[in-house]
Structure formats: structure tokens, C-alpha cells
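Fold and contact review
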Amino acid sequence: MDDRKTLNKREFLRKSVLASAGAVGATALATPYVKAQSPIKWRMQTYAGPALAEHVVKNSIDWFNKAANGEMEIELYTADQLVPHGELFRAVQSGTIDFAQSDDDSAAAPVDVRVFGAYFPLASRYSLDVPALWHWHGLKEVWEEAYAEIPDVTWLSTGSWDPCNFGTTKPIKSLADLKGLRVYTFPTGGQFLSKFGVVPVSLPYEDVQPAIQTGELDGVCWCGITEMHTVGWADVLKYFLTNPLSGAWAGSYFVNTEKWKAVPEHLQQLLRMAIDSSHYYRLHWYWAGEANYRNTGKLELTTIPDAEWKQVEDEATKFWGEVAGQSPRSAKVVEIIKKYNDSMIKAGPPYRYG
């Protein structure tokens, strides 16, 4: 073969490759980077009003939105802002809302375990009891099973909030003082408290403080002393009963199933981490606050003597039996709670005193 022809062929191929590379490079430089798809946008509603939401959810949603780096954004709405709280679960189910934070009980979740959400009477003593029950004593698996039966909603997580105490305009120093009290509380909590003459009242969250001011309500049995001060209820209440109806609120996160499936796995994991961060933050925020406001808060502390409060504890055990009879799964949850509390008593201080 002629050497000149071989050389010319090689030179032609070299120039062709360089020209092609240059064209690709020029195109890459001329075309701006465009994301493959628009950011995923969700609407979320919490059970909490604006002041409380700052601590129980907003901080974690802010963390998530920042870490999602433009791939996803969650818009947060507070109590009753999009739908009434009692319709929250159905709103997630229908897709009106993508994501919600609430307890199963007040959000009217259509599952037999809803009665154990919020404050199941005397089931827990401390805030760590809730994650211990869910992660180490089987309640997580029970919740997964229960919500797998409900179409279009996925349960993601349950965590711990504050204890449940009475905040009132009248002093409570005995069980007799509970009779006739009109109190804002949770559905299952109200059912139990009615055994002692309490009159449960259901109101939109934002109407609670005005109702206390006008005398329509005598108080709340909804939260601990931290929340009473944070949301302003301590400004219109006078007394705080130190005997807790429950040691910790059990609250959950629910998501519309189709919206959840449409989220890439790495963002699903990021959201789970944000939820866990929120659980952790609340543990120390409430724990510190409950002690602080007992020492420095606006409310006068009252206590029902232990011997008399024992009647409430005994009645709670009977109530557990009534709930256990509602379904085999409810019976399983009650049995888990009983065994857990027995193990805590057996372990002794600091797990249980007395």
C-alpha cells in the first residue's frame, strides 16, 4: 500500500475525531444544566397550632427541605388550616393532603389500634416508654399490619411527645374535684375520664383558649405543662395537676400511599431520618420543659394523693380489659403494654418507682 495514502487516511481519522469531540464540547458548554424533572411538592398538615408546630415538626421539615437540595419540598400547614383535624386521616387517604402528623385517635384513623394513639390511659410513665414499646416490644409490627389493611395510606412512624396532665381554672386536689369539669381532651382519654365525672369537650384547636377565657371550658387534659406555656394556655389557666393521665403522647406520621411510592428511595430514606430527628428533638425539648415550667411557670401545682390516685390506676387496668375485647389485635396490644409495664416495675428505679 502507498505510504502517502496510509498517512492521509490516519490524518483524516484524527481530524474527524477531534472535530466531533469539539462539537460535543461546544454543545455541552452552550446548553445549561436542566434537571430531569420538576421538584416533588407535598402538602403536609400537623395537629399542632403555629407556636407548637415550631418545635414538634417545622424544624424537621425545614431540615428535610434543605437536605433534599431542590429535589423535593414539603409545604407545612398547621392545625385545621387545610381540613378540620377530625378529617385529617381521610384527607390523606383521598390525596387532598399528601402527608400528616397526628395521633391515630384524634385524626380518626379507621383502624382498631387507633385507641392506643395519643394518650392511652396510664399505659406509659416516661417519654422513652413509647419508642421502647414500638421498636423493642412489637408495636411497630402491629401498626404495620393494621395500616396494611387500610387503602391509600401508609403509616411511617410513631414517636413520643409530652405527658398528659390537667390544666384547669379550678384547683384539683381530689378525685371529687374532677366531677363536672368541662375539659378539652382526646376521644379515648375523654371516654376514660368520663368515668370520674369529667365532661369531655371537642372544639377546633384555635377555639380552646377563647373557650377557657369565656368559661365554656374549665380546662384541658391534652398535654403537659411545656405545651400549656408554649401555646398560651397557661395565660388563661391557673392550676396544673401533677398526676399524669399518661406519661407520653404517641403520635404518628401518615402519607398518601401513591405519593409515597412516587418518591425516589433516597428521598424516602431522607424523610425517615428527618422524622427520627424530630422524635429525638422532642424527647429532650419536652423533658427539659416539663421540669422547667414546674419550677418557673405561671401555674400553681396541685396533686391528688397517691393512695387516692390509685383508684384511677385501677380503673385504667379495667379500661384496658374493655379495649382488649374489641378485637384480637387490640387484645395483643394490651398484652404487650401489660408485659412491658410489668417488666419496668420488676426492673425497679429508674424505670419505675414505688
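The following refers to the structure shown. From a predicted model like this one, the values you see are computed outputs, not experimental measurements.

Cut-offs and rules
Residues numbered from 1 in each chain as written. Predicted model: local features only at pLDDT ≥ 70, side-chain atom pairs only at ≥ 80, totals over all residues. Heavy atoms only, no water. Helix = DSSP H or I, 4+ residues; strand = E, 2+ residues; numbered from the N terminus. Buried < 20%, exposed > 50% of the residue type's maximum accessible area, 1.4 Å probe, protein only. Polar contact = N/O pair within 3.5 Å; in protein donor to acceptor, adjacent residues only side chain to side chain. Contact = heavy atoms within 4.5 Å. Salt bridge = Lys/Arg side-chain N within 4 Å of Asp/Glu carboxyl O. Pairing = 2+ DSSP bridges. Axes fitted to C-alpha atoms, helices over the stretch in contact; angles between N-to-C directions. Core = buried A, V, L, I, M, F, W, Y, C linked by side-chain atoms within 4.5 Å. 1 Å grid on protein atoms, 1.4 Å probe; cavity = no way out; pocket = protein on both sides within 12 Å on 5 of 7 lines; lining within 4 Å. Points joined across faces, edges and corners; volume = space filled by probe spheres on them.

Moving on: the side chain of Ser246. Structurally, the position occupied by Ser246 is in the loop between β9 (239-241) and β10 (250-256). You can call Ser246 buried: its relative accessible area is 1%. A polar side-chain atom of Ser246 sits 3.3 Å from a polar atom in the side chain of Ser124. Excluding residues within four positions of it along the chain, Ser246 makes contact with Tyr119, Phe120, Leu122, Ser124, Pro163 and Cys164.

Attention shifts here to the environment of Phe120. For Phe120, the position within the fold is in the loop between β3 (99-102) and α4 (129-136). Residues Phe120 and Gly247 lie 127 residues apart in sequence; the distance between their C-alpha atoms is 9.5 Å. Every residue in contact with Phe120, bar those within four places of it in the chain, is listed here: Val115, Thr188, Ser246, Phe319, Trp320, Val323 and Ile337.

Moving on to the pattern of salt bridges. Any two side chains of opposite charge can pair if their charged atoms end up close together. One pass over the structure, following the stated rule, counts 14 salt bridges. For Glu322, the salt bridge goes to Lys195, with nearest N and O atoms at 3.5 Å. With Glu322 in helix α11 (residues 306-324) and Lys195 in the loop between α6 (187-193) and β7 (199-201), this pair connects stretches of sequence that are 127 residues apart. A relative accessible area of 43% places Glu322 in the partly exposed class. What makes Lys195 partly exposed here is its relative accessible area of 37%. A salt bridge links Lys298 to Asp235; its shortest N-O distance comes to 2.3 Å. On the criterion of sequence distance, the pair formed by Lys298 in the loop between α10 (265-296) and β11 (300-302) and Asp235 in the loop between α8 (225-230) and β9 is long-range, its members being 63 residues apart. The exposure class of Lys298 is exposed, given its relative accessible area of 56%. Here Asp235 falls in the partly exposed class, since its relative accessible area comes to 49%. Salt bridges linked by common partners bring Asp112, Glu145, Glu149 and Arg329 together as one network.

Moving on to the sheet that holds strand β5 (residues 165-168). Sheets are built from strands paired through backbone hydrogen bonds, the pairs being either parallel or antiparallel. In spatial order, the strands read β7-β6-β8-β5-β9-β11; together these 6 strands make up an open sheet with mixed pairing. Of all strands in the sheet, those with a lone pairing partner are β7 and β11, marking the two edges. Each neighbouring strand pair of the sheet contributes to a mean axis angle of 30°, computed without reference to strand direction. When β9 meets β11, the two strands line up parallel, connected through 3 bridges. Counterpart to Phe240 in the pairing with β11 is Leu301.

If you look at the biggest cluster of nonpolar residues, it comprises 112 residues, and the most contacted ones within it are Trp42, Phe99, Phe116, Trp143 and Trp233. Apart from the residues lying within four places of it in its own chain, the contact partners of Phe116 are Trp143, Ala250, Val323, Ser330, Val333, Val334 and Ile337.

In this structure, the largest pocket encloses a volume near 1,200 Å³. If you trace the largest pocket, you find 37 residues lining it, with Leu122, Arg125, Pro244, Glu313 and Arg352 closest to the centre. Residue assignment for the lining of the largest pocket shows that the elements contributing at least two residues are α10, α11 and α12 (328-347). Here the element with the most residues in the lining of the largest pocket is α11; it accounts for 8 residues. By volume, the second largest pocket amounts to about 320 Å³. Looking at the second largest pocket, it is lined by 19 residues, and the ones nearest its centre are His85, Ser106, Tyr184, Ser202 and Leu203.

Here the focus is the environment of Ser277. Its location among the elements puts Ser277 in helix α10. You can call Ser277 partly exposed: its relative accessible area is 32%. Between the C-alpha atom of Ser277 and that of Trp63, which follows or precedes it by 214 residues, the distance is 9.2 Å.

Among the 5 residues in strand β8 (residues 219-223), 5 count as buried, and that is most of the element. Judged from the 4 bridges that link them, β5 and β8 form a sheet pairing that is antiparallel. Paired with Phe166 across the bridge in β8 is Cys221. As paired strands, strand β6 (residues 182-185) and β8 are joined by 3 bridges and run parallel to one another. Each bridged residue has a counterpart across the sheet, and for Tyr184 the counterpart in β8 is Val220.

Further remarks concern α4. Buried within α4 are the following residues: Asp129, Val130, Ala132, Leu133 and Trp134. Contacts made by the buried residues of α4 are with α5 (139-148), β4 (153-160), β10 and α12. Residue Gly138 follows α4 closely and has a positive phi angle near 100°.

Remember that the coordinates give geometry; whether it matters functionally is a separate question.
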